[in-house]
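Structural features, examined
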Amino acid sequence: MSNPRNRILASTALALVLAAPLGYLAKGHLTAMAATSAEPAATQFAPAVAIPAVTAPANEPAAISNSVPATATEPAPSAQPAAATEQTAIEPAVAPDPLAALDPADRAVAENIRDLLATKGDKLFTAKKERAAVEAFYQNRNLAPLWLDKGIQNARAEAVIARMKNADADGLEPGDYKAPSFAGLAPDVLAEAELRLTRAVLTYARHVQAGRFPYTRVSKNIELPQAAPEPADVLSSVADAADAGKALDLYSPQNEHYRKLKAALADLRGKPGASKGQIETITANMERWRWYARDLGNAYSLVNLPDFTLRVMHNGGQVWTTRIVIGKPSMPTPLLSETMKYLTVNPTWTVPQSIVRNEYLPALAQDPTVLDRMGLRVSYNGGGVTITQPPGDGNALGRVRFSFNNRFSVFQHDTPDKGLFSETVRAYSHGCMRVQDPPKYAEVLLNIARPSEHWTAEKIRRMYGGGERDLPLQATPIWVHLTYQTAFVDNAGKLEMRRDIYGLDGRTIAAIKSERGNLEPAPERKREEIATAPRKPAAPAARTGALSQTTYTTPGYPRQLPPSIFR
């Protein structure tokens, strides 16, 4: 080994031995690049001469770094940026499975709920608003069933089904809210049963709160909120409640007038030989109560047209009542809810145009002096005729008018004709309500709205004979609810029945039997959106089209023309 030639041979052999692993590693690197390259096969590899030299560590002999042989049978990949090679190696992100947390049985149902909402949602839920609410509700809970736990009917479902089976307690028909069976069904059938129960619950909540049909089926002489609950709120309330049945029960009207009728209905059904007519009358009255706002207000004037009475309610109790005269059957007083904005002492009466056309102009044509003898003033403006009556003892409105803005132009007022208050049936006006004791009524209302001023009936009377004066009732909202209660429970707890003078019971019962389930309620108006009443009651707008016979067209005038004026 001391021979120089031998030392050179030994060094060369050692270099070859050390170079062999490096060549093997380079070959493996090229193979990996070929497997991961996104380029076409024809361009994946460059000529062998392009293979870069393997750089040896700084402490290795230079001969080692140049000893990697280039072979034509093992072409090297073309040089590519390292960043591009790393980018192609990144795996795509996998979206999380929203149903992963569900029990396997519920997951199978959830998958079918998703498919049903996509393919049959518009058939199961025909109203767009309801369908959108249902879809959003189930998406927010990752399509988990509401009425099932591990594929089995849960306590929530049992509670709402029991409540709907007892729907007749509210005068409803249990058969309108049929609950599906959940026993022994395949996942696809369970999913449809789930959605059908959801639909039944939404229908029940809508019916028990707002009624089973639009009130226009009964009369166009009505303007009430008839506000159905929001479907999303119904679903949230039953989903979150400890007792879903009780949560559903809260959608029925909560005012004392409805609750007393509900108790009376249960009592009547418990008696042998209960009258079918009485039961239908009570259910018709309960139906009409659903058209009113759920909150009647802390202070309100409650008119019961068939009973010819007005009651003032404050802080949950009755504070005063009086007799009234209402519209005759051919010109009925409407059903409505509005706030009373002010009362007027010594009012001027502006005759509605319908009465001017239909009654006063024909009378004036026969006798040019007739209106003057009645104390009426006639003015002409641009071809139109306006007739007014100034304040005074003979004014048709008496000494006080109580105004609440409404499209029917009706209001409450005093009258110089006191004799009609002694009659049992008091339906004689053109639609307005005459109040038996207006000074006392004014005292009660003013003391609710303006308690610090200590108003009395005598103080109101002392204002008689002066100029027209408005007294605002703005501090405390006082609602006026014109209702039609042919069945009600009096303060002594006795069920009272009254004659159906306007025929609304018959039409309500007929609609219940033929049209229930088709409710598309009118949009609810916010109370703050109700406009302030004008200083003078506006003349009614001209009406076109074939309205029902009960539609109110000539409001305001409280007395017929005396027969003598036509002589």
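About the criteria used
- Residues numbered from 1 in each chain as written.
- Predicted model: local features only at pLDDT ≥ 70, side-chain atom pairs only at ≥ 80, totals over all residues.
- Heavy atoms only, no water.
- Pairing = 2+ DSSP bridges.
- Helix = DSSP H or I, 4+ residues; strand = E, 2+ residues; numbered from the N terminus.
- Contact = heavy atoms within 4.5 Å.
- Axes fitted to C-alpha atoms, helices over the stretch in contact; angles between N-to-C directions.
- Core = buried A, V, L, I, M, F, W, Y, C linked by side-chain atoms within 4.5 Å.
- Buried < 20%, exposed > 50% of the residue type's maximum accessible area, 1.4 Å probe, protein only.
- Parallel < 35°, antiparallel > 145°, perpendicular 65-115°, else oblique.
- Left-handed = near helix turned anticlockwise from the far one by under 90°.

1. Considerations on the sheet that holds strand 11 (residues 377-381)
The 3 strands are arranged 10-12-11 in an open sheet whose pairing can be described as antiparallel. Across the chains shown, the open sheet's two edge strands, defined by having one partner strand only, are strand 10 (349-350) and strand 11. Note: strand 11 against strand 12 (residues 384-389), 5 bridges, orientation antiparallel. Looking across to strand 12, one finds that Tyr 380 is bridged to Val 385. Helix 12 (residues 353-366) rests against strand 10, strand 11 and strand 12 of the sheet, and its axis sits at about 90° to strand 12.

2. Here we look at the nonpolar core
Counting 80 residues, the largest nonpolar core has Ile 326, Leu 343 and Tyr 441 as its most contacted members. The contact partners of Tyr 441, leaving out residues within four places of it in the chain, are Ser 301, Leu 310, Val 312, Trp 320, Met 340, Phe 402, Gln 412 and Val 435. The next biggest cluster of nonpolar side chains, apart from the first, holds 44 residues, and it includes Ile 113, Leu 117, Phe 125 and Leu 235.

3. Quick word on unusual backbone geometry
Here Lys 150, not a glycine, exhibits a phi torsion of approximately 55°, which is positive. By secondary structure assignment, the location of Lys 150 is in the loop between strand 3 (148-149) and strand 4 (152-153). Of note in the backbone geometry, Gln 226 takes a positive phi value of approximately 40° without being a glycine. If you trace the backbone, Gln 226 turns up in the loop between strand 5 (222-223) and helix 8 (231-240).

4. Some thoughts on the pairing of strand 8 (residues 317-327)
Here strand 7 (residues 309-314) pairs with strand 8 via 6 bridges, running antiparallel. By the bridge assignment, Met 313 is partnered in strand 8 with Gln 318. Here strand 7 hands over to strand 8 after 2 residues, with Asn 315 in that stretch at a positive phi of 55°. Relative to strand 16 (residues 433-435), strand 8 runs antiparallel, the two being bridged by 2 bridges.

5. Considerations on the packing of helix 5 (residues 128-140) against helix 7 (residues 187-210)
Each packed pair of helices is defined by two parameters, the angle between the axes and the distance between the axes. For the pair helix 5 and helix 7, the least separation of the axes is 12 Å and the interaxial angle reads 125°. It follows that helix 5 is oblique to helix 7 by the angle criterion. Between helix 5 and helix 7 the crossing geometry is right-handed. Across from Glu 130, Val 134 and Tyr 138 in helix 5, the residues of helix 7 making contact are Glu 194, Leu 195, Thr 198, Leu 202 and Arg 206.

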